[in-house]
Amino acid sequence: HSPTALGMQRTFGTGAATNSIDDIKDTDTMMVIGANPTDAHPVTGAKIKQGAMSGKTLIVIDPRRIELARYAQYHLPLRPGTNVALLNMMMHYIIKEGLVDQDFIDNRCEGYEEFAQGLMDLDIDKMEEVTGVDRELVRDAAMAYARSPAAMSFHGLGVTEHSQGTFTVMQIADLAMMT
């Protein structure tokens, strides 16, 4: 199994994709992490770019200033290999700011209290140092994602080819379920 399929299987119970590209037209916020869709998937990349140009919020999490970063309201240029730390920071702020969809968590998720406590125990100073991304930028991006009526994420080889790829895919899924 690929890290994506394994991460989705462990989190959602199925390794299938969670959205179609057509859903871009129905979303308010797009998060791109470890992917360069304008190069690797030009049709998808063009749709993401068009969405951002039409006013949809775009969050790009990538060490490089990829083309989509120019259209993003939030570009989080993390150090390579620090996806886990950055996503943990985002989830920490979503919990801290009370933006968790508690009804969904209570009715559809297991093990949340322990999970949330681990996130609240994070040393944000250390996470900021590890990722190289200013905590306020991470917080602002997390707030934009969490407050969005409809958000979707896109991840690529920058996530899945890393040693922590499966765990990172699980975190992306956790972020979606929390909000």
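Model, not experiment: these values are computed from the prediction.

## Description of the environment of threonine 38
Next up, step 1: Structurally, the position occupied by threonine 38 is in helix H2 (residues 37–40).
Next up, step 2: Residue classification places threonine 38 among the buried residues on the basis of a relative accessible area of 15%.
Next up, step 3: Remark: the alpha-carbon pair of threonine 38 and lysine 49, spanning eleven residues in sequence, is separated by 8.2 Å.
Next up, step 4: Not counting chain neighbours up to four residues away, the residues in contact with threonine 38 comprise Gly45, Glu67 and Leu68.
Next up, step 5: A polar contact of 3.3 Å, which involves the side chain of threonine 38, links it to the side chain of glutamate 67.

## Some words on the sheet that holds strand S4 (residues 151–155)
Backbone hydrogen bonds hold the strands of a sheet together, and the pairing may be parallel or antiparallel.
Next up, step 1: In space, the four strands of this open sheet follow the order S3-S2-S1-S4, with parallel pairing throughout. In this open sheet, the two strands that pair with only one neighbour each are strand S3 (74–76) and S4. Averaged over all neighbouring strand pairs, the angle between strand axes comes to 15°, with direction disregarded.
Next up, step 2: The sheet contact formed by strand S1 (residues 29–33) and S4 spans five bridges and is parallel. Looking across to S4, one finds that threonine 29 is bridged to alanine 151.
Next up, step 3: Its contacts with the sheet place helix H8 (residues 135–147) against S1, strand S2 (57–61), S3 and S4, and it is angled at close to 130° to S3.

## Regarding the packing of aromatic side chains
Next up, step 1: Tallied over the entire structure, the rule returns one aromatic pair.
Next up, step 2: Note on tyrosine 112 and phenylalanine 115: the rings are 6.3 Å apart at their centroids and 45° apart in plane angle, and the pair reads as tilted. Linking tyrosine 112 with phenylalanine 115, this pair stays in helix H6 (residues 112–120), spanning three residues, or about one helical turn.
Next up, step 3: By relative accessible area, tyrosine 112 is classed as buried at 10%.
Next up, step 4: For phenylalanine 115, a relative accessible area of 28% gives the class partly exposed.

Conventions used here
Residues numbered from 1 in each chain as written. Predicted model: local features only at pLDDT ≥ 70, side-chain atom pairs only at ≥ 80, totals over all residues. Heavy atoms only, no water. Helix = DSSP H or I, 4+ residues; strand = E, 2+ residues; numbered from the N terminus. Buried < 20%, exposed > 50% of the residue type's maximum accessible area, 1.4 Å probe, protein only. Contact = heavy atoms within 4.5 Å. Polar contact = N/O pair within 3.5 Å; in protein donor to acceptor, adjacent residues only side chain to side chain. Pairing = 2+ DSSP bridges. Axes fitted to C-alpha atoms, helices over the stretch in contact; angles between N-to-C directions. Phe/Tyr/Trp six-rings, centres within 6.5 Å; stacked < 30°, edge-to-face > 60°.

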